[in-house]
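Analysis of the macromolecular model
Each chain, written out:
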Amino acid sequence: MASATAFDPQAGPDPVLGLTSAQVAERVAGGRTNKVPDAPVRTLPQILRANVFSPVNGIMLVLFAAILVAGFPRDGLFVGVVISNAIIGVAQEIRAKRELDRLAVLSAPKARVVRDGDIHEVGVSEVVAEEVLELTPGDQVVVDGVVLASTGLEADESLLTGEADPIGKDVGDELLSGSFVAAGHGRYRATRIGAESYASSLSEEAKRFSLVNSELRRGIDTVLCWLIVIIPPASALLILVLLDTEDRWQNALQGTVAAAVAMVPDGLVLLTSLSFVAGVVALARRRALAKELATVELLARIDMLCLDKTGTITTGHISLSGVETLPGVDPAVVATALGAMAHADEAPNATMLAVRDAYPTPDGGGWAPVGTTPFSSFRKWSAVEFRHNGAFYFGAPDVIAGDHPEVMDRVVGHAETGRRTLLLAHDSEPLTGDALPENRTPLALILLEDTIRPDAPEILDFFREQGVNLKVISGDHTATVAAVARRAGIPDSHACFDARDLPEDIDEMAGVLAGNTVFGRVTPRQKQAMVRALQSKGHTVAMTGDGVNDVLALKNADMGISMGSGSASTRAVAQLVLLDNSFATLPEVLAQGRKVINNVERVANLFVTKASYAVLLTVLVGMFTVEYPFLPRHLTLVGTFSIGVPGLFLALAPSTELIRPGFLVRVLRFSLPAGGLAAFASFTVYEIARRHDEVTLGEARTVATFTLLGVGLVILVVISRPLQPWKIGLAVAMAGAYMVVMGWPWMREYFALHPPPLWMWGPTMAAVAIAGAGVVTIPRALRRYQDRLPGPGRSSRGYQGR
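Scope of this entry: the structure provided in the associated data block. (Residues numbered from 1 in each chain as written. Predicted model: local features only at pLDDT ≥ 70, side-chain atom pairs only at ≥ 80, totals over all residues. Heavy atoms only, no water.)

This next bit is on the overall build of the protein chain. In terms of regular secondary structure, the protein chain is built from 28 helices and 22 strands. By its C-alpha atoms, the protein chain is 115 × 60 × 40 Å across when sized along the principal axes. Considering only intrachain contacts with a sequence separation of at least 6, the fraction spanning at least 24 residues in the protein chain is 73%. Working note: accessible area of the protein chain is about 31,500 Å², and carbon and sulfur atoms make up 58% of it. Each charge class in the protein chain was averaged separately, 70 positive and 82 negative side chains, and the resulting centres sit 10 Å apart. (Helix = DSSP H or I, 4+ residues; strand = E, 2+ residues; numbered from the N terminus. Contact = heavy atoms within 4.5 Å. Areas by Shrake-Rupley, 256 points an atom, 1.4 Å probe, with all protein chains shown as cover. Lys, Arg positive; Asp, Glu negative; His and termini not counted. Charge placed at Lys NZ, Arg CZ, Asp CG, Glu CD.)

Listed below in structure tokens is the structure:
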């Protein structure tokens with residue numbers, strides 16, 4: 001039995017009155033407030049530092065300094081990439097910061113403080129030292145403190161310790177920020193705030209604007225790591241070769257800078273981040289708060305969506321549809337007991353609020369509560385002991401009914417219609433803590449209605465069509481959950497399972513999950529275990545929920561999704577918060593995820609292809625010991641028209657193609673052969689021109705530049721599939737821009753482009769055509785070959801094959 005107890009007022013502020021206004025003002029003036037991060041984004045100095053002083057920018061600046069030392073300032077045009085990367089990156093992230101700051105205010109946890117005897121809701125940062133705070137089920141503990149008053153208060157510290165069982169908190173016990181209230185209610189005094197509190201580090205971690213658990217980021221990091229290993233020795237060997245080939249060391253350094261600039265994927269990180277930021281901003285405009293950049297990618301990759309029934313499939317608004325008094329029981333006693341229990345609960349949940357609305361407080365001292373056991377998702381019942389009327393128990397019928405099969409027969413009948421059914425029982429003996437008395441007497445069934453969200457059937461059907469498996473996981477009666485799932489249009493809702501019979505072994509549990517769709521009577525710990533079981537079989541799992549019983553599962557899922565109306569604890573651990581509680585936002589999240597993944601893959605193909613042909617050209621120059629085929633300004637021109645400008649458009653373009661795993665494999669499978677073809681084609685044309693006395697070195701470099709650009713535009717068209725008029729127009733516009741440069745004397749002179757003899761255009765066009773045909777056919781042939789192989793690679797269908 002849990003009874004309300006009070007803390008000695010001499011030990012701190014009175015738990016009833018709290019601090020006075022004067023005491024609060026004194027603490028605020030002294031800076032003794034709970035300063036914590038307010039927004040899920042980087043600060044402005046961090047944004048500037050990350051976008052200006054990036055490793056790629058550092059490499060490009062070193063190369064810029066080298067080209068100035070060599071005495072070729074016109075070849076330093078590539079430094080514009082550093083400037084544009086910084087400007088675009090800063091501007092886009094500040095834009096995202098503003099959007100997320102606006103939504104973070106709506107999603108941020110609040111604290112209920114006691115001041116001058118009244119309860120006020122304030123921001124977490126407004127809590128002051130020695131503040132008295134009130135706690136109810138689902139509340140997040142925002143600062144460390146000591147319990148002043150407790151009525152069955154139980155704290156879940158699983159996010160801190162990994163221990164899933166709630167811990168009872170009596171007067172004098174310590175509460176840690178980062179935990180949350182699983183049951184009961186009470187008050188506590190803040191003992192450690194701000195930097196001294198665990199909440200500070202928790203908030204910083206929970207709100208970090210980061211790219212975590214992202215296949216895209218891992219793949220791109222792998223590419224960058226390999227290039228960091230390759231570029232220094234390749235550049236060193238090249239300059240040694242060119243020092244032996246060129247007449248002046250300045251020319252050797254010029255050729256080496258040209259090769260190194262081409263190897264650096266200067267816009268890859270920028271355009272990847274730009275795609276993620278654009279996705280996050282698009283979701284923010286739909287009132288969906290993505291706490292991490294990778295959130296937009298995660299939902300697009302999930303193949304398993306676990307749904308909590310209440311508040312996700314249903315609206316969460318519960319109404320009392322009726323009370324069915326059992327034979328031999330006086331209805332007046334049932335009505336009086338329900339009213340007494342509902343009004344005795346100082347922190348009622350939605351169910352008890354529905355009962356309170358229907359039944360008034362009874363008259364008479366015999367109904368004064370002397371002890372309570374608050375509701376808990378773990379035990380699935382609550383109880384109140386009254387002075388002269390014994391103890392009443394209220395909760396799940398299959399837990400409370402005991403040896404009364406006739407009661408359960410009635411429950412099953414109601415559950416099959418989708419009604420949620422609870423049982424009221426009585427015992428004359430006092431409460432005995434968490435244990436149910438053996439001789440309890442069932443009195444009545446309480447019938448509740450919960451409305452299906454109007455958009456739920458359409459949205460769930462959308463996910464099913466996208467190949468996402470659906471599992472409904474709820475703590476309610478299995479038949480009730482199955483009926484609700486059936487009304488929501490979830491397929492195979494007849495395949496239901498009572499979680500009380502769920503095996504504890506992960507492999508056995510995964511087998512049960514594979515064969516069933518609906519699960520009832522699931523405890524919070526089982527929800528967590530079920531998520532892990534699905535993940536153990538290779539599934540990418542998303543979990544939706546809004547209650548304190550969903551926190552563990554949300555935390556362990558690959559993607560946790562919380563409703564904005566959910567408890568503070570669920571909003572704290574979820575990666576995505578739907579602030580307007582609209583289930584219809586999820587397809588938009590999926591669409592943004594697909595857009596990000598597909599577009600980043602296209603952009604990665606462009607930049608990895610560029611790095612591939614740069615490395616291979618370096619090898620060919622070393623083998624043939626000739627001058628480097630390009631000046632740095634030539635490669636800047638090619639990169640701008642075939643990669644940089646088109647990549648910016650592709651990174652933000654709409655794209656809804658289905659997602660498959662194997663990002664890095666697909667990129668390498670396309671980029672390595674495409675880069676090889678571009679390198680061989682341009683080097684072959686260069687060698688043909690260079691070996692004729694009538695062709696100058698400048699003219700040979702011009703035809704090599706034209707060949708590389710031509711193959712690059714073919715690559716651009718291929719990776720843009722499925723083709724649309726604007727994508728073809730983009731490639732044509734880039735080709736036209738190059739022709740403008742060639743036709744404008746000043747631009748032609750600036751970029752050192754020298755028109756070759758007319759006969760050279762024959763082998764040049766042939767090289768572009770042959771290499772272009774190879775770009776179209778070879779990656780597709782490799783994909784088909786890999787698809788015939790066993791293993792995960794066979795599922796890696798990308799846009800190249802369409």
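With that settled, the discussion passes to the pattern of salt bridges. Applying the stated criterion across every chain yields a total of 28 salt bridges. Close ionic contact of R301 with E215 constitutes a salt bridge, the shortest N to O distance being 3.0 Å. Here E215 lies in helix α7 (residues 215-245) and R301 lies in helix α10 (residues 295-301), a separation of 86 residues in the sequence. Neither R301 nor E215 differs from the other in exposure class; each is buried. Its salt-bridge partner being R420, residue D476 comes within 3.2 Å of it at the nearest N-O pair. Here D476, found in the loop between β17 (469-473) and α17 (478-487), pairs with R420, found in strand β15 (residues 420-427); they are 56 residues apart in sequence, far enough to count as distant. Sharing partners across several salt bridges, the network here consists of R112, E134, D139 and R187. (Salt bridge = Lys/Arg side-chain N within 4 Å of Asp/Glu carboxyl O. Buried < 20%, exposed > 50% of the residue type's maximum accessible area, 1.4 Å probe, protein only.)

Core analysis: the biggest nonpolar cluster contains 137 residues, and L299, L576 and Y628 have the highest contact counts within it. For this core, the leading source of residues is helix α22 (residues 585-624), giving 17 residues. Sequence-distant contacts of L576, that is, excluding residues within four places in its chain, are made with A288, L289, A290, T295, M559, G560, I561, S562, L586 and V589. In this structure, A340, V355, A401 and L443 belong to the second largest nonpolar core, which totals 39 residues. (Core = buried A, V, L, I, M, F, W, Y, C linked by side-chain atoms within 4.5 Å.)

Here R218 shows up in helix α7. Between the C-alpha atom of R218 and that of A340, which follows or precedes it by 122 residues, the distance is 58 Å.

Turning to helix α15 (residues 405-415), its buried residues are V407, M408, V411, H414 and A415. Buried positions in α15, seen along its axis, are confined to an arc of 120° and lie on one side of it. Opposite the buried face of α15, at more than 90 degrees from it, the exposed residues are P405 and D409. Its buried side turned inward, α15 meets β11 (314-325), α14 (397-400), β15, β16 (441-452) and α17. (Arc of directions from axis to C-beta.)

Here we come to the packing of aromatic side chains. Under the definition given, this model contains 15 aromatic pairs. Residues W367 and F386 carry aromatic rings whose centres are separated by 5.1 Å and whose planes lie at 70° to one another, so their mutual orientation is edge-to-face. Remark: F386 occurs in strand β13 (residues 381-386) and W367 occurs in the loop between α13 (350-358) and β12 (369-373); sequence separation between them is 19 residues. For the pair W367 and F386, one class covers both residues: buried. Consider the rings of W746 and Y750, whose centres lie 5.6 Å apart with planes at 25°: the pair is stacked. One end of the pair, W746, and the other, Y750, are both in helix α27 (residues 745-750), four residues apart, so they sit about a helical turn from each other. One aromatic cluster in this structure is built from W744, W746, Y750 and F751. (Phe/Tyr/Trp six-rings, centres within 6.5 Å; stacked < 30°, edge-to-face > 60°.)

The strands making up a sheet associate through backbone hydrogen bonding, with each pair oriented either parallel or antiparallel. The strand order across the open sheet built from eight strands is β9-β22-β21-β20-β10-β17-β19-β18, with neighbouring strands paired in mixed fashion. A strand with exactly one partner marks an edge of an open sheet, and here the two such strands are β9 (288-290) and β18 (496-498). On average, adjacent strands in this sheet sit at an angle of 20° to one another, irrespective of strand direction. Here strand β20 (residues 541-545) pairs with strand β21 (residues 559-563) via four bridges, running parallel. Opposite M543, over in β21, you have G560 as the bridge partner. Contacts from helix α19 (residues 524-536) reach β10 (304-308), β17, β19 (518-520) and β20, with the element oriented near 160° to β20. Strands β9, β21 and β22 (576-578) of the sheet are contacted by α22, whose axis makes an angle of about 145° with β22. (Pairing = 2+ DSSP bridges. Axes fitted to C-alpha atoms, helices over the stretch in contact; angles between N-to-C directions.)

Turning our eyes to something else, we now look at the sheet that holds β15. Read from one edge to the other, the open sheet built from six strands follows the order β11-β16-β15-β14-β13-β12, with strand pairing classed as antiparallel. The outermost strands of the open sheet, each flanked by one partner alone, are β11 and β12. Direction aside, the axes of adjacent strands within the sheet are offset by 20° on average. Where β11 and β16 come together, eight bridges link them in antiparallel fashion. Its bridge partner being in β16, I318 is matched across the sheet by D450. Where helix α12 (residues 331-344) meets the sheet, its contacts fall on β11, β12, β13, β14 (390-395), β15 and β16, and the angle it forms with β13 comes to roughly 100°.

As a further point, take unusual backbone geometry. For the peptide bond that leads from R721 to P722, omega is 0°, which places it in the cis range. Relative to the helices and strands, P722 is located in the loop between α25 (697-719) and α26 (725-743). The phi angle at A752 is positive, at roughly 55°, despite the residue not being glycine. Examined against the element boundaries, A752 turns out to sit in the loop between α27 and α28 (761-787). Look at A752 and you get buried, because its relative accessible area is 15%.

For β21, the buried fraction is high: five of the five residues fall into the buried class. The side-chain alternation of β21 yields two buried faces, one formed by M559, I561 and M563 and the other by G560 and S562. Handedness of the crossover is the feature at issue here: the chain leaves β20, passes through helix α20 (residues 551-556), returns alongside β21, and the resulting connection is right-handed. Chirality of the crossover, the property in question, places the unit of β21, helix α21 (residues 568-573) and β22 among those that are right-handed. (Right-handed = clockwise from strand over helix to strand, strands pointing away.)

With that out of the way, let us pick up α26. The terminal C-alpha atoms of α26 lie 26 Å apart, and with 19 residues this matches the ideal 27 Å at 1.5 Å per residue to within 8%. Among all positions in α26, only K727, L730, A731, M734, Y738, V741 and M742 are buried. Mapping the buried residues of α26 onto a view down its axis gives an arc of 125°, with all of them on the same face. In α26, the exposed positions that point more than 90 degrees away from the buried face belong to P725, V732 and G743. Contact partners of the buried residues in α26: α22, α23 (632-651), α25 and α27. (Expected span 1.5 Å × (residues − 1).)

This brings us to the state of the cysteines. Disulfide: a covalent bond connecting the sulfur atoms of a pair of cysteines. Applying the stated rule across the entire model yields zero disulfides. Free cysteine: C306, not disulfide-bonded; nearest cysteine sulfur from C496 at 16 Å. Its relative accessible area of 0% is what places C306 among the buried residues. (Disulfide = S-S within 2.5 Å.)

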